[in-house]
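The lines below spell out each chain.
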Amino acid sequence: MVTTGLRPGRSAVLRLLVVAVALAGALLGGLGGAAPASAHAALTGSTPAQGAVVDHAPEQVALTFSEGVAMGDDSIRVLDPKGKRVDRGKLLKLSSGNVVKYGAGLPAGLGDGTYTVAWQAVSADSHPVSGAFTFSVGAPSKTSAAVPAEKAGGGLVGALYGIARALAYTGFVLLIGGAAFVVACRPAAALVRSVQRLVVQGWALLTGTTVAMLLLRTPYTGSGDLADVFDFGGLQQVLITKPGAALVSRLLLLAAAALLVAVLFGAYARTQEPAEPGGEPRDATALARQRKDLAFGLGVGGLIIAIGLAATWAMAEHASTGLQTTVAMPVDVLHLLAVATWLGGLAALVASLYWGPPVERAAVHRFSRIAFGSVLVLVATGIYQSWRQVGTWRALTDTTYGWLLLLKAGLVVVLVGIAWVSRRWTGRLAEVSAAEGLAAEVTEAAGAGEKAEAVEGAEEVEEETAADADAETDAEKATVGVSAAATVTATAAPTRATGPGAGGGTGSGTVSGTESEAAADDTPASDDAGPSKATPTPDTTDTPDPTRTAQLARQQAALDSARTKRERDADPERLGLRRSVLAEAAVAAVVLVVTTVLTATEPARTEEAVKAASGGQSATAARPQALTIPFDTGGPHGKGTARLALAPGSSTAANTLQLRLTDPSGKAMDVPEVKISFTQKAKKLGPLPAVPRKAGKGRWRVSGVRLPVPGQWQLSLVVRTSDIDQVTETKNVKIG
């Protein structure tokens, strides 16, 4: 079956696709730059801490992570002030219970100065993470150690891997959703070339991107050098990891999927072919049984392969780590299958509506019901996944993951709204079912007699193509069309009446130009040769020119396509359905892009857990803290300003706190009593008192202040200016 596109609809197609690409580009441009930092395992602590100054060199450096990670002997490197590696080069596994901790041993006798710790790991959900920090022995010093400027998973390799991930999702949706549309909604689509191309290209896209991701894993999780895609030693290491095993499993499943696709568009498609006029009749019962058996086999086999392909994401992505993994992975598989069924079927419907024969009303109704069921599954599984990855309402607005999730939810709402419009158009199709059934019958009857009217088709096609072709091509087609028409006329002549009136009024009225030229060619032969030379004519027509026959067949196919186009343009219901479905497909493309970015972003629950573990911030470098706190006790001379300095601001070393009080004029101010304490609400620590000692007029000092964990602490300052006048002021301070 030959299918062609609709020229009037192409501009609308291009406009919507441009909008979809523009939105996708904006998302990738705005969010992709932050992707390398959006890791799913985070460093929650270290010993020594970031920026700490210790009196003696530690025996080891230990790193604590928010979730499981994969590390090797070169994953933690400790560099001295000159940039020389000084660790023992052996990874220490220090994890216990739910605490994920790794370390690197240090030799004895390290000198004073600032040391750099560079680390790199692969989180449990397959994303690379990396970082670096410094600590000092004795006192800080200048260091020439080169700290990696680029995060793991960033740069060109990271961009290519991200693109491959997005295309892999797209290929999965097109392959599974397109095939499901053919088997469950419209079996006749197995004969539609646009649908065939859609499914086959989905398979090829998923296969190609899977191979690309497998090759990119080594530089993506390691050096970041694109040339390392040819590092087959690294590839061997990738194959034994969980992401590598998932990608290999996906390739094996795609090999089985190729066989099913071949059956779908081979044996199954042949059972959908209409009986040829004049051909041998087929056994309807046997044909129906064959269709049923093939549909059952394709359905069961396709479902198994689809579940397996979805599981290759579930076993290596978000669902494989964190809370309730035994529930999360099956839910993730259902979520992916629902997405593929809805959006992939939508793409197949677009291909059928725009580049295929008219779609049956029953097929649209079946897809509408399946799409509605898919949306219900998406909502149920999406709510569970959102709770699992976000955790709190506040995280929806306080984290990048939450914002992306809200964006995706908004797009899905828009998508459902457009789908509702499509369902309304589908309902209108049902209202005109009788009229359209009659039109289909008329079209089928007209198509049966078109071979006898090939001359008309040739002339109409020549008129339509004249506007799009140049003069030389137009003249050539006209010559071929006339020759083909002459051949058909000469062939049909012996079967009609031999008298001058044979041929009837229809032929003379519709193809007068062509028949007149054919008659002009025949007349001289009759005058010159007489009746004795009329015999060679049947000999010529018994062996028609294959070139002319092929040309006539192409003209007939073009005529069929032109007639189909006119029928579509005259059908406002299907025109409205095509436009609404195309709008759905455009929004769905943006949803896929957001989903891809979302899977590369640190879940909100993890981000919040890291903040809680560090008291509201990630582990940062210890640095001196300076606070200015105005106060007013409400009594005489009760106004003033407190200035506090806390150094070095570290959780791993003793801190020194200095306090200075001044009156509104800036002069030193003495008060009967001051009290200082520290509290960390996230860890339920404190208040931890710090008893100040008088160091002069308006000055106090506290030594040996120890705050056990890094993060955000609340400092409480009590100032008493008389027996009855006092005030308590609080201020947040960050401890590294």
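Observations regarding the overall build of the protein chain
Then, in step 1: Within the protein chain, the regular secondary structure consists of 20 helices and 18 strands.
Then, in step 2: Burial status across the protein chain gives 44% buried among its 736 residues.
Then, in step 3: Approximately 36,500 Å² of the protein chain is accessible, and the part contributed by carbon and sulfur atoms is 60%.

As for the nonpolar core
Then, in step 1: Membership of the largest hydrophobic core comes to 80 residues, with the highest contact counts inside it found for F172, L175, L206, L309, W342, L343 and F367.
Then, in step 2: Ranked by residues supplied to this core, first place goes to helix α8 (residues 325-355) with 16 residues.
Then, in step 3: If we ignore the near neighbours within four places in the chain, the residues touching F367 are F181, C185, T341, W342, G345, L346 and L349.
Then, in step 4: By size, the runner-up hydrophobic cluster in this structure holds 26 residues, among which are M669, F678, A690 and W700.

Focus on unusual backbone geometry
Then, in step 1: Cis geometry marks the peptide bond from T47 to P48, where omega comes out at -5°.
Then, in step 2: Cis geometry is adopted by the peptide bond preceding P687, which originates at G686 and carries an omega value of 5°.
Then, in step 3: Here P687 lies in strand β14 (residues 685-690).

Thoughts on helix α9 (residues 361-390)
Then, in step 1: Between its first and last C-alpha atoms α9 spans 42 Å; for 30 residues at 1.5 Å apiece the expected length is 44 Å, and the two agree.
Then, in step 2: At the C-terminal side of α9, G391 shows a positive phi close to 90°.

Observations concerning the sheet that holds strand β15 (residues 693-696)
Then, in step 1: Spatially, the five strands line up as an open sheet ordered β10-β11-β12-β16-β15, and their pairing is antiparallel. A single partner strand is all that each edge strand has here, and the edge strands are β10 (625-632) and β15. Each strand of the sheet is rotated relative to its neighbour by a mean of 25°, with strand direction disregarded.
Then, in step 2: Summarising the sheet, strand β12 (residues 655-662) and strand β16 (residues 699-705) pair through five bridges and their orientation is antiparallel. For L659, the partnering residue across the bridge sits in β16 and is W700.

Concerning the sheet that holds strand β6 (residues 91-93)
Then, in step 1: An order of β1-β3-β7-β6 is seen for the four strands of this open sheet, with the pairing classed as antiparallel. Among the strands making up the open sheet, the edge pair consists of β1 (43-47) and β6. Across the sheet, the mean angle from the axis of one strand to that of its neighbour is 25°, orientation sign disregarded.
Then, in step 2: Strand direction decides the pairing type here: β6 and strand β7 (residues 100-105), joined by three bridges, are antiparallel. Bridge pairing in β7 places L92 opposite G103.

Details of the environment of P357
Then, in step 1: For P357, the position within the fold is in the loop between α8 and α9.
Then, in step 2: A relative accessible area of 19% places P357 in the buried class.

Some details on helix α5 (residues 242-264)
Then, in step 1: The terminal C-alpha atoms of α5 lie 32 Å apart, and with 23 residues this matches the ideal 33 Å at 1.5 Å per residue to within 8%.
Then, in step 2: Burial in α5 covers these residues: P243, G244, A246, L247, R250, L254, A257, V261 and L264.
Then, in step 3: Against the buried residues of α5 lie α2 (155-185), α3 (193-221), α4 (232-239), α6 (267-270) and α7 (284-314).
Then, in step 4: Its side-chain oxygen 3.3 Å from the backbone nitrogen of G244, T241 forms the N-cap of α5.

Description of the confidence of the model for the protein chain
Then, in step 1: Residues at a pLDDT of 70 or more form 72% of the protein chain, whose mean pLDDT is 75.
Then, in step 2: Confidence, expressed as mean pLDDT per element, reaches its minimum in the protein chain at helix α15 (residues 504-510) with 37 and its maximum at α5 with 94.
Then, in step 3: In this model residues 430-535 is a low-confidence stretch, pLDDT under 50, and it forms 63 contacts with partners more than four residues away in sequence or in other chains.
Then, in step 4: Long-range and interchain partners of residues 615-620, a stretch whose pLDDT sits below 50, account for 15 contacts in this model, where long-range means more than four residues apart.

Observations regarding the packing of α2 against α5
The packing of two helices is summarised by the inter-axis angle and the distance between the axes.
Then, in step 1: Direction vectors running N to C along α2 and α5 enclose 35°, while the axes themselves pass 12 Å from each other. In this structure, α2 crosses over α5, and the sense of that crossing is left-handed. Contacts between α2 and α5 involve A168, L175, A179, V182 and V183 from the former and R250, L254, V261 and L264 from the latter.
Then, in step 2: Its residues assigned to classes, the contact of α2 with α5 shows eight nonpolar, no polar and one charged.

Here's the deal with the packing of α5 against α7
Then, in step 1: At a closest axis distance of 9 Å, the pairing of α5 and α7 adopts a crossing angle of 160°. By the angle between their directions, the pair α5 and α7 is classed as roughly antiparallel. Where α5 crosses over α7, the two elements pack in a sense that is left-handed. Counted together, A246, S249, R250, L253, L254, A256, A257, L260, V263 and L264 of α5 and L294, L298, G301, G302, I305, G308, L309, T312 and W313 of α7 form the full contact between these two elements.
Then, in step 2: Across the contact of α5 with α7, the residue classes break down as 13 nonpolar, five polar and one charged.

Details of the packing of aromatic side chains
A ring pair, where both rings are aromatic, is described by two values, the distance of the centres and the angle of the planes.
Then, in step 1: Scanning the entire structure with this criterion turns up eight aromatic pairs.
Then, in step 2: Their ring planes at 65° and their centres at 5.1 Å tell us that F172 and W313 sit as a pair that is edge-to-face. Of this pair, F172 sits in helix α2 while W313 sits in helix α7, and the two are 141 residues apart along the sequence. Each member of the pair, F172 as well as W313, carries the same accessibility label: buried.

Things to note about a nonpolar patch on the surface
Then, in step 1: A contiguous nonpolar patch, built from L156, L160, I163, L167 and L226 and spanning about 410 Å² of accessible area, is present on the exposed surface.
Then, in step 2: Looking at the secondary structure, you find I163 in helix α2.

Thresholds applied
- Going along each chain's sequence as written, the residues are numbered from 1 onward.
- Per-residue local features are limited, in this predicted model, to residues with pLDDT of at least 70; the limit for side-chain atom pairs, both in listing and counting, is 80 or more; totals at the level of whole chains, interfaces and linings are taken over all residues.
- Side-chain measures were taken over the full set of non-hydrogen atoms in the model, leaving aside hydrogen atoms and water.
- Helix numbers and strand numbers start at the N terminus; a helix is a DSSP run of H or I with at least 4 residues, a strand a run of E with at least 2.
- Using a 1.4 Å probe on the protein chains alone, a residue whose accessible area is under 20% of its type maximum counts as buried, one over 50% counts as exposed, and one in between counts as partly exposed.
- Only the protein chains shown count as cover for residues, and the accessible areas themselves come from Shrake-Rupley with a 1.4 Å probe.
- Each nonpolar core is a collection of buried residues, namely Ala, Val, Leu, Ile, Met, Phe, Trp, Tyr and Cys, held together in the definition by side-chain atoms within 4.5 Å.
- Residues are treated as being in contact if the distance between any of their heavy atoms lies within 4.5 Å.
- Given the number of residues in a helix, its expected span is that number minus one, multiplied by 1.5 Å.
- If DSSP finds at least two bridges between two strands, the strands pair.
- Where helices are involved, their axes are fitted lines through C-alpha atoms of the stretch in contact, as for all axes, and angles between N-to-C directions lie from 0 to 180°.
- We call two N or O atoms a polar contact when they sit within 3.5 Å, provided that within protein one can donate a hydrogen and the other can accept it, with sequence-adjacent residues counted only if both atoms are side-chain atoms.
- Per residue, pLDDT captures the predictor's confidence, and it can take any value from 0 to 100.
- Rotating anticlockwise by less than a right angle from the far helix to the near helix defines a left-handed crossing, while the corresponding clockwise rotation defines a right-handed one.
- Classification used: nonpolar for Ala, Val, Leu, Ile, Met, Phe, Trp, Tyr, Cys and Pro, charged for Asp, Glu, Lys and Arg, polar for all others including Gly.
- Reported orientations rely on four angle classes, namely roughly parallel under 35 degrees, roughly antiparallel over 145, roughly perpendicular from 65 to 115, and oblique for the rest.
- Between rings of Phe, Tyr and Trp, where Trp is taken as its six-membered ring, a pair exists when centres lie within 6.5 Å; planes separated by under 30 degrees are stacked, by over 60 edge-to-face, and by other angles tilted.
- A patch consists of residues whose relative accessible area exceeds 30% and which take part in no salt bridge; residues with like charges are grouped when within 9 Å of each other, and nonpolar side chains (Val, Leu, Ile, Met, Phe, Trp, Tyr) when within 5 Å.
- Salt bridge criterion: a side-chain nitrogen from Lys or Arg within 4 Å of a carboxyl oxygen from Asp or Glu.

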